[in-house]
Amino acid sequence: MKVVFRTADAPLPRLVARLVAQDALPADLDAVVREGAAAARFSGKAGQTFEAFVAGEGGVKRLALAGIGKADSEDRAANLEKAGAALTAKYLTSGESALAIDFTGSGLTGAQAASVLFGARLRGWRHDVYRTKLTDEQKPSLAEIVAVAAPEGTAAAWEIESALAEGIEFTRELVAEPANVIYPESFVERCKARLEGTGVEILVLGLKEMTELGMGALLGVAQGSVREPKLLAMRWKGADVAKPTAFVGKGVTFDTGGISIKPAAGMEDMKWDMGGAGAVAGTMLALAKRKAKADIIGVCGLVENMPDGNAQRPGDVVTSMSGQTVEVINTDAEGRLVLCDALTWVQKEYAPATVIDLATLTGAIIVSLGNEYGGMFTNDDALAAKLDAAGKTCGDKLWRFPLGAAYDKLIDSPIADMKNVGPRYGGSITAAQFLQRYIDKGVAWAHLDIAGMVWADKPGQTWDKGATGYGVRLLDQYVRTVLEA
Ligand code: BES
Ligand code: MN
Ligand code: ZN
């Protein structure tokens, strides 16, 4: 969705939206529209919409009212996004190709107006590339948002927010693509293509390099697949600091479970088992596009988990790059095996002060939190507070879980240093304990289990059903408020 800026005196498209504060219909509205809105119980609550047809120059005009709620609401930014999102959701397939949002009399600041545009753009995203039989009525018609009489500072704020939107859309695209299209190598190729010219440096390790480095845990997962595994590192160096920050993503491009195979029902969901890696890639694009003043390494551990004559077996013992050995009790607990080598590598290669990993790691986190919060596990209370605050600000919310020695000993193995699964209960926590065994002393680390967040079965505030792009806003917000402040 393209956004353009225009003054109020230039000719407007047929469809024009006005923003309405709660219980405050603009006085300059036509009496029929005012009465109609009241009759339809439109009061300007955030996300409410109302449509009227009015006589205008050259024919009938479509006038949309979008509620933005109360000015003193605690959820002001989210409400403004909701208003923009409600408009694009309503008019995406309306037949109209352009939607003007008239900010006249809205009283918004430039940053607030940019929030409306941001919500509109995010909610207007769809992945239709494989739908060849859509009728004209089913096809999205809306391609352009015209910001009319935008408050001062809107264009400057939009410059930044549109970079973030681009990152979120890239993540959604990676997550939505099926696993015959996005596999480790093609994931890397898409990132290369999208990041070209942005200033992000790219480093890719293949089977040979990872074998030489001794990444036996990651490679054990990959060995049942004909797809070559990849480790993708992307660096955005927008600041000169002593130690960078690392974001690490689980990129299992398809998770069958391996020999510990998953049931058939719902297995297709496992195409989005690369949602952590997708969020890292989208974040790198956003940071580079808005030229963030921070030094960030984004690492994606990319493998496909398949059953095969060459696949690893339950009971196999693998040696990770750290030297620690793992008894693979369940080949479906593969994400931690991929992440442990990615974590060791990034710490060894870049000595980051802070490491944040994102992974669709456990079904248990969905049992705990549903689709409202990502689970947070961290060895650092200050980092917990910063991530929690970032989540509250941007809407990608997190809820902290405990770590501790009593949980840690649940993954001791009789034959190796650890096993890759604990008992049934507390499954998200023992998964986090496993990862913590790969974190060097002095490194502030957080693990975000986002299994319930990357895919939505129904439309949400700023997304349609499908890939949400969760994690990109969170990491971007963390960079803004913690690293760029
Ligand atoms: N990718 C899955 C976790 C998952 C499950 C994500 C459902 C999204 C929806 C992960 O690799 C996995 O299979 N985890 C197992 C771990 C178990 C074998 C200890 C799980 O959660 O069942
Ligand atoms: Mn699995
Ligand atoms: Zn998985």
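The shown structure was predicted, so the numbers you read here are calculated from the model rather than taken from an experiment.

Criteria and cut-off values
- Residues numbered from 1 in each chain as written.
- Chains lettered and ligands numbered in written order.
- Predicted model: local features only at pLDDT ≥ 70, side-chain atom pairs only at ≥ 80, totals over all residues.
- Heavy atoms only, no water.
- Domains from an automatic or database assignment.
- Contact = heavy atoms within 4.5 Å.
- Buried area = accessible area lost by both parts, 1.4 Å probe.
- Salt bridge = Lys/Arg side-chain N within 4 Å of Asp/Glu carboxyl O.
- Donors = N, O, S within 2.8 Å, 3.2 Å for Na, K, Ca; no water.
- Tetrahedral: all angles 85-135°; square planar, octahedral: opposite > 155°, others 65-115°.
- Buried < 20%, exposed > 50% of the residue type's maximum accessible area, 1.4 Å probe, protein only.
- Helix = DSSP H or I, 4+ residues; strand = E, 2+ residues; numbered from the N terminus.
- Pairing = 2+ DSSP bridges.

Asker: I would appreciate a short explanation of the domain arrangement of the chain in the present structure.
Answerer: It is common to give the size of an interface as the accessible area lost on bringing the parts into contact. For the chain, the assigned domains read domain 1 (2-152) and domain 2 (163-483). On a C-alpha basis, the centres of domain 1 and domain 2 stand 37 Å from each other. On the side of domain 2, 18 residues touch domain 1, which itself brings 13 residues to the contact. Of the roughly 1400 Å² buried where domain 1 meets domain 2, counting both sides, 58% is carbon and sulfur surface. Seen at the junction of domain 1 and domain 2, the total is two salt bridges.

Asker: What am I meant to see in the coordination of the manganese ion (ligand 2) here?
Answerer: Think of it this way: four donors in a tetrahedron around the metal ideally sit 109.5 degrees apart, and six in an octahedron ideally sit 90 or 180 degrees apart. Donor atoms from the polypeptide that coordinate the manganese ion (ligand 2) comprise Asp255 (OD), Asp332 (O), Asp332 (OD) and Glu334 (OE), at 2.1 to 2.2 Å from the metal. In this structure, the manganese ion (ligand 2) is coordinated by six donor atoms arranged in irregular fashion, with angles at the metal of 71 to 166°. All donors of the manganese ion (ligand 2) come from a single chain, and their spacing in sequence reads D-x76-D-x1-E. Between the manganese ion (ligand 2) and the zinc ion (ligand 3) the interatomic distance comes to 3.2 Å, and Asp255 is a ligand of both metals. Assessed through its relative accessible area of 0%, Glu334 is described here as buried.

Asker: Looking at this structure, how should I read the coordination of the zinc ion (ligand 3)?
Answerer: Taken together, Lys250 (NZ), Asp255 (OD), Asp273 (OD) and Glu334 (OE) make up the full set of protein donors to the zinc ion (ligand 3), lying 2.0 to 2.4 Å away. With six donor atoms in place around the zinc ion (ligand 3) and angles of 78 to 174° between them, the coordination shape is octahedral. Here the donor residues of the zinc ion (ligand 3) are spaced in sequence according to K-x4-D-x17-D-x60-E.

Asker: What should I look at first to understand the pairing of strand E11 (residues 316-319) in this one?
Answerer: Side chains Asp316 and Val318 project from E11 onto a buried face, and the interleaved Val317 and Thr319 project onto a face without burial. With antiparallel pairing between neighbouring strands as the criterion, E11 and strand E12 (residues 325-328) make up a hairpin whose turn holds five residues, including Gly323 at a positive phi of roughly 95°.

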